[in-house]
Amino acid sequence: MSSHSLRVGIAGLSGRMGQMLVRSVLDAGCRVTGGICRDPGENGLSMNELTREGAITLCADMTQLATMSDVVIDFTHVSTVIPHAEALKDTGTPWILGTTGLSETDQKAVAVAAQSIPVVQAANFSAGVTLVLRLAREMGAALSAERFDAEIVEMHHRQKVDAPSGTALAIGEAVAKGRDVTFADVRTPAREGQCGARKTGEIGFAALRGGQIVGEHTVLFTSATEQIALSHRAFDRRVFADGAVQAAEWSAGKTAGLYNMEDVLGLT
Ligand code: NAD
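Residues numbered from 1 in each chain as written. Predicted model: local features only at pLDDT ≥ 70, side-chain atom pairs only at ≥ 80, totals over all residues. Heavy atoms only, no water.

S.K.: What's the story with the overall build of the chain in this structure? I'm lost.
M.R.: Of the regular secondary structure elements, the chain holds ten helices and eleven strands. Computed over the C-alpha atoms, the radius of gyration of the chain is 19 Å, within 12% of the 18 Å expected from 2.2 N^0.38 for a compact globule of 268 residues. For the chain, the spread of C-alpha atoms along the three principal axes comes to 60 × 40 × 30 Å. Across the 268 residues in the chain, those meeting the buried criterion constitute 50%. With the model as given, the accessible surface of the chain reaches about 12900 Å², and the carbon-plus-sulfur share is 50%. The averaged location of the 30 negative side-chain charges in the chain is 2 Å from the averaged location of its 24 positive side-chain charges. (Helix = DSSP H or I, 4+ residues; strand = E, 2+ residues; numbered from the N terminus. Rg over C-alpha atoms; globule rule 2.2 N^0.38 Å. Buried < 20%, exposed > 50% of the residue type's maximum accessible area, 1.4 Å probe, protein only. Areas by Shrake-Rupley, 256 points an atom, 1.4 Å probe, with all protein chains shown as cover. Lys, Arg positive; Asp, Glu negative; His and termini not counted. Charge placed at Lys NZ, Arg CZ, Asp CG, Glu CD.)

S.K.: Any chance you could explain the UniProt feature "binding site: (S)-2,3,4,5-tetrahydrodipicolinate" (unreviewed entry) in the chain here in plain terms?
M.R.: Under the present numbering, the feature "binding site: (S)-2,3,4,5-tetrahydrodipicolinate" (unreviewed entry) in UniProt falls on His-157, Gly-166 and Thr-167. By secondary structure assignment, the location of His-157 is in the loop between β7 (149-156) and α7 (166-178). Owing to a relative accessible area of 8%, His-157 belongs among the buried residues under this scheme. The contact partners of His-157, leaving out residues within four places of it in the chain, are Arg-16, Arg-209, Gly-210, Gly-211, Gln-212, Ile-213, Val-214 and Arg-237. Position of Gly-166 relative to the elements: it lies in helix α7. For Gly-166, a relative accessible area of 11% corresponds to the buried category. (UniProt positions renumbered as here; feature names shortened; annotations may be inferred. Contact = heavy atoms within 4.5 Å.)

S.K.: Got a minute to help me understand the sheet that holds strand β9 (residues 215-222) in this structure?
M.R.: Strand pairs in the sheet, formed through backbone hydrogen bonds, run parallel or antiparallel to each other. Taken in spatial order, the four strands line up as β8-β7-β9-β10 in an open sheet, and their pairing is mixed. Of all the strands in the sheet, just β8 (203-209) and β10 (227-234) have a single pairing partner and so form its edges. Across the sheet, the mean angle from the axis of one strand to that of its neighbour is 15°, orientation sign disregarded. As paired elements, β9 and β10 share eight bridges and run antiparallel to each other. Across the sheet, Phe-221 pairs through a bridge with Ile-228, a residue of β10. Packing against the sheet, helix α6 (residues 127-142) makes contact with β9 and β10, and its axis sits at approximately 165° to β10. (Pairing = 2+ DSSP bridges. Axes fitted to C-alpha atoms, helices over the stretch in contact; angles between N-to-C directions.)

S.K.: How should the environment of Ser-144 be read in this particular structure?
M.R.: Residue placement: Ser-144 occurs in the loop between α6 and β7. Taking relative accessible area as the criterion, Ser-144 reaches 30% and is therefore assigned partly exposed. In this structure the C-alpha to C-alpha distance between Ser-144 and Pro-189, which are 45 residues apart in sequence, comes to 21 Å.

S.K.: I'm lost on the packing of aromatic side chains in this one. Help?
M.R.: Each aromatic ring pair is summarised here by two numbers: the centre-to-centre distance and the angle between the ring planes. Enumeration over the complete set of coordinates arrives at three aromatic pairs. A centroid spacing of 5.0 Å and a plane angle of 80° characterise the contact between Trp-250 and Tyr-259, whose relative ring orientation is edge-to-face. In this structure, Trp-250 and Tyr-259 share a single accessibility class: buried. The side chain of Lys-254 reaches across the aromatic face of Trp-250, ending 4.4 Å from its centre. (Phe/Tyr/Trp six-rings, centres within 6.5 Å; stacked < 30°, edge-to-face > 60°. Lys NZ or Arg CZ within 6 Å of the ring centre and 35° of its normal.)

S.K.: How should I be thinking about the side chain of Ser-126 in this particular structure?
M.R.: Of note, Ser-126 is situated in the loop between β6 (118-121) and α6. Taking relative accessible area as the criterion, Ser-126 reaches 0% and is therefore assigned buried. For Ser-126, the contacting residues outside a window of four places in its chain are His-232, Val-239 and Phe-240.

S.K.: I tried to follow the UniProt feature "domain: Dihydrodipicolinate reductase C-terminal" (unreviewed entry) in the chain on my own but got confused; where do I start?
M.R.: UniProt annotation of "domain: Dihydrodipicolinate reductase C-terminal" (unreviewed entry) refers to residues 128-265 when read in the numbering used here. Secondary structure within residues 128-265 divides into 36% helix and 25% strand; the distance between the first and last C-alpha atoms comes to 11 Å.

S.K.: Please clarify how the site of the ligand should be interpreted in this entry.
M.R.: If you check the shell around the ligand, you find 25 residues, and the closest are Ser-14, Arg-16, Arg-38, Glu-42 and Thr-100. The side chain of Ser-14 places a nitrogen or oxygen atom 2.8 Å from an oxygen atom of the ligand. When the ligand sits alone it has 860 Å² of accessible area, and the protein chains cover 84% of it. When the residues that make up the shell around the ligand are grouped by side-chain class, the tally is eight nonpolar, eleven polar and six charged. (Near = heavy atom within 4 Å. Polar contact = N/O pair within 3.5 Å; in protein donor to acceptor, adjacent residues only side chain to side chain. Nonpolar A, V, L, I, M, F, W, Y, C, P; charged D, E, K, R; others polar.)

As C-alpha cells, then:
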C-alpha cells in the first residue's frame, strides 16, 4: 500500500501526543481518519480544532476507529491497553502502541494481540533512544555488575502520571539483558529513608518532575575509579510522533507479531 493513502486512526486524539501526531501524519502525506479520547475538551481544544473542521471523525470507541483505519496509533492511558488489545485483535488492525506504564497483565494482552495483528510497541519512538537502548545493552554486557553500578536518572514535565518513565525502565531492561539477568530481579524500588547500602548488581532509578521538560534520560555506569554516562534529551515531542508515524507506515502489510523500533529502523 502507498503511504500516501494510509488511513491512520489516533487513540488519544486530544492529548499532547495525539495533537502532535495529527501534524506528523499529515506531514507524512497520510490521512487522519478518526480519533478517540476520554475528554475531547482537554488541553482547551474546541470541537472544531479537535476534528479539524470535521475532517477527522471523533469515534465512540476503538472498534469504530479501527474499522475506518488501516493502522491505529495509540498514545492514551494504561487503563485502555486491555480493551484496545481486544478490539484491535477482532478488527485485525495494526497497532502502534506508545502508551507507557503497562503492568505484566497489560503486557500479556499485548502479546496475545500480537499473535493476530502486527503490533509495534515502544516506550520511546525516537531513533536516538532506540540507539541508546542498544548501547545500554552493550554497555551492560561490557561493564560487569561487580565493578560498575548502573543507575538511571530521568526527568519529565510536571503532568506525567507514571514513574519511572517507560523509557527509563526500557533502558534498565536493556542493561539487565546485556548482563544476562532478569530485570525484575535487579530493579530497585525508589530509595528513601533507611533503605540500606546499594547491593551489587542492582539497577536503581531516580525520577524528577518539573515544568514542561519533554524527556531526559541518563544511564550512569560508576566504578570505584571512573564513570561513563549515556544521555538522551528530547527537545520536542514531535520526535516521538514522527517515529510512531514511521512505524505506522512500516507496519502496512507486515505479518502478525510484536515488533519494536529496532525492527522499524532496520537495526535487528
Ligand atoms: P495526555 O494526558 O496529554 O493525553 C492522553 C490522551 O489519552 C488524551 O487524549 C485522553 O483523552 C486519552 N485517554 C485517556 N484515558 C482514556 C480512555 N480511558 N479512553 C480513551 N482515551 C483516553 O498524555 P500524553 O502526554 O499525550 O501521553 C500519552 C501516553 O503516551 C502516556 O502513557 C505517555 O507516557 C506516553 N508517551 C509515550 C511516548 C513514546 O515515545 N512511546 C512519548 C510520549 C508519551
